[in-house]
Amino acid sequence: MKRVFALLCLMGLMLTTGCAKKSELRIYTWTDYLPQEVIDGFHQRTGITVTVDTYDSNETLMAKLASGVAAYDLVVPSDYIIQPLIRQKLIVPLDKSRLTNLPNLDPAFLNQRFDPGNGYSIPYLWGTTGLAYDKKKITTPVDSWDVLFDPQWTGKILMLNDPRECFAVALKRMGKSINETDPAVLHQAADMLKKQHALVRAYNSEDYDKTLASGDVLIAHGWNGQLAKVVSQNPDQFAYVLPKEGGTIWMDNVCIPTAANNADAAYLFMNYILEPEQAAKIVNGVSYASANSAAKKFISPKILNDPNIYPAADKLKGWEFLDDIGPTSRLVDDLWTEIKSQ
Amino acid sequence: MKHRWLLIHSLGVYVFLYGPILLLAALSFNRSPIGATWTGLTFNWYAKLFSDADIIDAAQRSLLIAAGATAVASVLGTAAALALSRPGTRGRGPTAGLLYLPIIVPEIVTGCALLTFFSVWRWELSLWTVGLAHISFSVSYVAIVVRARLAGIDRTLEDAAQDLGASPRAAFWRVTFPMILPGVVAGALLVFTVSIDDYVITSFVAGPASTTLPLRIASMVKTGLTPEVNAVSTLLLGLTMILVLVAQRLLRGPGEGSHI
Amino acid sequence: MGKTRSRSQRKGDRGTMLLLPTWLVLGGLLLLPLLILLGTSFHPPDDVGNPQAISNWSQFFHSGDWAHNYVQSVRPIYLRVAWRSLWLAAITTGLCLLIGYPVSFYIALIAPQRRKNLLLALAVIPFWTSFLIRISAWRIILQDRGALNALLLHLHLIYEPLRLMDTPLAVLIGLVYGELPFMILPVYASLEKLDRTLLEASSDLGASGRGTFWRVVWPLSMPGVAAGCVLVFIPGIGQFIVSDLLGGSRTMLLGNLVQNQYTSGRDKPLGAAIALELTAAVLAMLIAYAIAAKRRGMEVAL
């Protein structure tokens, strides 16, 4: 009896100290962002067990990492979260010598403002935040964010449940940058969003595509990958639009948290998904664009030629990356609370 | 005459309470993956469940945590209930307060507090943190149920046993314990169901590889209800209801209509 | 050579010992975290929202910075959120009372004795099942292409789907649905203890059915009603799942607000402050209820 007890204590001790299981990789990424076959392929090649947990917002990721006690080995933050993560030492500088497949990436995506020199992150997937609408019900072609504010479509509009993205729309309508920090301008943008609140059916960042496809709303603000899927399944009924005022381009990147137990496995995985075939499998699976130019020859032509997923460069003039706006994000959050408290 | 209206109203309320559950169950057998119109009977969605590694893993974790939390909570809760029912015990008032804490404090507050707690002590989030969190709210349920049970039995029997020469320990185990056992088991079953179903607190303290079934279901629900969710939800609902029915039976002591 | 302890004293000692593990575990897992949360609520937040370490303690105290989060938490925008949560919880409580009381009445006073346990069990079982799953089930019912609309269209009662999802109505339905058992149970407990002879006496003295109800039954069921209201109201103000799943995330409630500070708000200390104020409010309500109940000689039916 005593021996069993001692054994249990030992087991407990081992588990609580989170001893690094060298054969385990723990990934924390967006929901539906990593196809199972890519994970299985990695497991078959290396024998490392991969567990994937998911989040649906950068803020949830930040909260978990910021707690300091969530020991993930690999995370996938968006652009504007990276600076705060770096400042709080929640992610580590990358040893790029371990990433031999790095040259596969398109240099145009490297060295962005949010991580100069890519000291901490490697691009994963990128896209745009636009809108998709029902062509059959809304017969005049849509090319502007105005349609989301049109009282004619009251109750048929969906916005992302994301303060920065909604403010980006309002700011672009005002001809400002999506990274505006002037409080007066932000208050004006908030007023615009407050008036819009009564027209919006729902704020949703998860199944905005399904809500549009089911007909519950006629216009959906959302990220291009999921919306492009809806459009390609029903091109006569739906269209995805990059409004003329401009908007958000976003990029999700792979990073290694400071609390990682198994950074070696993380590097192996990062290098693995930089391979052209694997990168292509990811793109084909989740239908978002990759920064990996070598992968293009393996990507399904339907996706490669889809202007909603791989837009031409000239279409993206006036489109910006979200930046970390520092202390102003608290003002944005307060205004967001006001908008939702009406 | 007015009784008829009361009957109709009550029936309506029961339909209201069970309608969604039954609908969910029905749809889990529906051939069509979308909408709510019946297109045919199928067991496909259940079959898909059993080949879905994520759900199986999540279910295993939930069962493991529930079993562990239930075991610990049952022991602690029963001990607390026994102690509270003895007039000579010191600190009964504060203890009762402590036991009511999980019921009073909103779940989101408990979640935040536990996350902060683990952060401060640099205690890595894992199945263990989830387990501890579950224990924290489970003890109270067992204590309350067993205490109610104790109130209904004759405590002097234990004294009588001691008068007849039994040691205090024997008196407890041979006399009192068998009488409260149904209460303990009922409390354990109820705590088991609470643990398997817990979402809010678990979402705060779950870490890598500790996604439980409710967390998994929540993320499936958020990305659009596929019938697989209906299937796993139906199974979970069914399991919970069976356990609670058994617990109810156990609590229905001889003659009394005791209820939770 | 102290005096020997009596059997009941020894029992008391053992009782106290039995409490020790509970205090250890619960104290460590409940009290301590709450106290730590309280501690963090006084700190300013850092970049990612964690409580920031204080470098200059005396300045921190004297300048009043320590109270900053609490001062912040009563800004008008937050008070509006709190008010909305309170209002929603109050309406939910009222509806639960309206809908639940007759059911309790029926089970306690009208249903045949042998059915009572079954009926009560049936009313209470849903409470034990997963709240999340049951609320999600309502989505299937209330959606434009959901079950309710499908039924109404099929019966030709409507010609276009009703917009039920993503409305305050949907949120209320969800809240009432989740909390109804909390009302039915205590009210039943109260009514069940009613002395039937009082009812007979009342009608013997010439009171109508309605008179008997309002003059005899209702007042005597007050303890149950009060307990039910408390049990429904308290979880009601901390709610946030229902407004997201059924209300289209259009409204920010207290629960959303707290959760927000942990995520996009990047201000965990403020979140902690609001969370603790919510808890304090709940505690205050319970204490008020307990005092009022004691004063009226009612049993505190919790």
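Because the structure is predicted, anything quoted here is derived from the model rather than measured.

### Observations regarding the overall build of chain A
Moving on, step 1. On a plain count of helices and strands, chain A comes out with 12 helices and 11 strands.
Moving on, step 2. Here chain A has a C-alpha radius of gyration of 22 Å; the compact-globule value for 342 residues is 20 Å, and the two agree.
Moving on, step 3. When its C-alpha atoms are laid out on the principal axes, chain A stretches across 75 × 45 × 40 Å.
Moving on, step 4. In chain A, once contacts between residues fewer than 6 apart in sequence are set aside, the share between residues at least 24 apart is 75%.

### Regarding the domain arrangement of chain A
All names here are of chain A.
Moving on, step 1. Looking at the assigned domains, one finds that chain A contains domain 1 (22-126 + 250-310) and domain 2 (127-249 + 316-340).
Moving on, step 2. Taken together, the contacts link 20 residues of domain 1 with 17 residues of domain 2.
Moving on, step 3. Secondary-structure elements contributing two or more residues to the side of domain 1 that touches domain 2 are α4 (79-87), β4 (122-134) and β9 (248-254).
Moving on, step 4. The dominant element in the side of domain 1 that touches domain 2, judged by the number of residues it contributes, is α4, at four residues.
Moving on, step 5. Here the side of domain 1 that touches domain 2 is built from residues that sort into 11 nonpolar, five polar and four charged.

### Looking at the packing of helix α6 (residues 183-197) of chain A against helix α12 (residues 328-340) of chain A
Residue and element names in this part refer to chain A.
Moving on, step 1. Packing of α6 against α12 brings their axes to within 9 Å, and their N-to-C directions diverge by 25 degrees. In terms of axis orientation, α6 runs roughly parallel to α12. The chirality of how α6 crosses α12 is right-handed. Residues Pro 183, Leu 186, Ala 190, Leu 193, Lys 194 and His 197 of α6 lie in contact with α12, whose contacting residues are Leu 331, Val 332, Leu 335, Glu 338 and Ile 339.
Moving on, step 2. A class-by-class count of the residues in the contact of α6 with α12 yields eight nonpolar, one polar and two charged.

### Some words on the interface of chain B and chain A
Moving on, step 1. The interface of chain B with chain A comprises 17 residues on the first partner and 19 residues on the second.
Moving on, step 2. Listing elements by their share of the side of chain B that touches chain A, those giving two or more residues are α5 (107-120) and α10 (213-222) of chain B.
Moving on, step 3. Counting residues per element, the side of chain B that touches chain A draws most heavily on α5 of chain B, at three residues.
Moving on, step 4. Of the residues contributing to the side of chain B that touches chain A, the split by class is seven nonpolar, seven polar and three charged.

### Quick notes on the interface of chain C and chain B
Moving on, step 1. The partner chain B presents 67 residues to the 68 residues of chain C that form the contact.
Moving on, step 2. Here the side of chain C that touches chain B takes 21 residues from helix α1 (residues 7-40) of chain C, the largest share from any one element.
Moving on, step 3. Its residues assigned to classes, the side of chain C that touches chain B shows 45 nonpolar, 18 polar and five charged.

### Thoughts on the sheet that holds strand β1 (residues 24-30) of chain A
Pairing between the strands of a sheet is mediated by backbone hydrogen bonds and can be parallel or antiparallel.
Residues and elements named next belong to chain A.
Moving on, step 1. Sheet architecture is open: three strands sit in the order β2-β1-β3, paired in parallel fashion. At either margin of the open sheet sits one strand with a lone partner, and together these are β2 (49-55) and β3 (74-75).
Moving on, step 2. Across seven bridges, the pairing between β1 and β2 is parallel. Within the sheet, the bridge partner assigned to Leu 25 lies in β2 and is Val 50.

### A short note on the packing of helix α4 (residues 76-110) of chain C against helix α8 (residues 168-192) of chain C
Residue and element names in this part refer to chain C.
Moving on, step 1. Direction vectors running N to C along α4 and α8 enclose 40 degrees, while the axes themselves pass 7 Å from each other. In terms of their interaxial angle, α4 and α8 are classed as oblique. Crossing geometry of α4 relative to α8 is assigned as right-handed.
Moving on, step 2. Per-class residue counts for the contact of α4 with α8 are 20 nonpolar, three polar and two charged.

### A look at helix α5 (residues 163-173) of chain A
Residues and elements named next belong to chain A.
Moving on, step 1. Of all 11 residues making up α5, 10 are buried, and the element is well covered by its neighbours.
Moving on, step 2. Taken together, the buried positions of α5 are occupied by Pro 163, Arg 164, Glu 165, Cys 166, Phe 167, Ala 168, Val 169, Ala 170, Leu 171 and Lys 172.
Moving on, step 3. Elements in contact with the buried residues of α5: β4, β5 (157-159), α6, β7 (219-223), β9 and α12.
Moving on, step 4. With its phi angle positive at about 75 degrees, Gly 175 sits one or two positions after the end of α5.

### Describing the confidence of the model for chain B
Detailed reading of predicted coordinates is not advised where the pLDDT is low.
Residue and element names in this part refer to chain B.
Moving on, step 1. In this model, chain B carries a mean pLDDT of 85, and residues with pLDDT of at least 70 account for 95%.
Moving on, step 2. Within chain B, the element-level pLDDT minimum falls on helix α7 (residues 156-163), averaging 82, and the maximum on helix α3 (residues 53-84), averaging 92.
Moving on, step 3. Every residue in residues 254-260 is under pLDDT 50, and counting partners more than four places away or in other chains gives 14 contacts.
Moving on, step 4. Reported for the predicted complex are a pTM of 0.85 and an ipTM of 0.84.

### Structural notes on the pairing of strand β8 (residues 238-241) of chain A
Two faces, one strand: in a regular strand the side chains alternate between the faces of the sheet.
All names here are of chain A.
Moving on, step 1. Burial along β8 is one-sided: Phe 238 and Tyr 240 are buried, while Ala 239 and Val 241, pointing the other way, are not.
Moving on, step 2. Of the pairings in the sheet, the one linking β4 to β8 comprises four bridges and is antiparallel in character. Counted as the bridge partner of Ala 132 is Tyr 240 from β8.

### Thoughts on the environment of Thr 31 of chain A
Moving on, step 1. Relative to the assigned elements, Thr 31 of chain A resides in the loop between β1 and α2 (36-46).
Moving on, step 2. Accessibility expressed as a C-beta count within 10 Å gives 15 for Thr 31 of chain A, which makes it partly exposed.
Moving on, step 3. Note: C-alpha distance between Thr 31 of chain A and Asp 53 of chain A (22 residues apart in sequence) is 8.2 Å.
Moving on, step 4. Residues within four places of Thr 31 of chain A in sequence aside, it is in contact with Thr 54 and Asp 56 of chain A together with Ser 219 and Thr 223 of chain B.

### Topic: the nonpolar core
Moving on, step 1. Judged by nonpolar contacts, the single largest core of 261 residues is most densely connected at Ala 132, Leu 158 and Ile 219 of chain A together with Ala 80, Cys 112, Leu 190 and Val 205 of chain B.
Moving on, step 2. Both domain 1 (22-126 + 250-310) and domain 2 (127-249 + 316-340) of chain A contribute no fewer than three residues apiece to this core.
Moving on, step 3. In contact with Ala 132 of chain A, other than residues within four places in its own chain, are Leu 212, Ala 220, Gly 222, Leu 227, Val 230, Val 231, Phe 238, Ala 239 and Tyr 240 of chain A.

Here is what the cut-offs are and how they apply
Residues numbered from 1 in each chain as written. Chains lettered and ligands numbered in written order. Predicted model: local features only at pLDDT ≥ 70, side-chain atom pairs only at ≥ 80, totals over all residues. Helix = DSSP H or I, 4+ residues; strand = E, 2+ residues; numbered from the N terminus. Rg over C-alpha atoms; globule rule 2.2 N^0.38 Å. Contact = placed C-beta atoms within 7 Å. Domains from an automatic or database assignment. Nonpolar A, V, L, I, M, F, W, Y, C, P; charged D, E, K, R; others polar. Axes fitted to C-alpha atoms, helices over the stretch in contact; angles between N-to-C directions. Parallel < 35°, antiparallel > 145°, perpendicular 65-115°, else oblique. Left-handed = near helix turned anticlockwise from the far one by under 90°. Pairing = 2+ DSSP bridges. Buried ≥ 20, exposed ≤ 12 C-beta atoms within 10 Å, placed from the backbone. pLDDT = per-residue confidence, 0-100. Core = buried A, V, L, I, M, F, W, Y, C linked by C-beta atoms within 7 Å.

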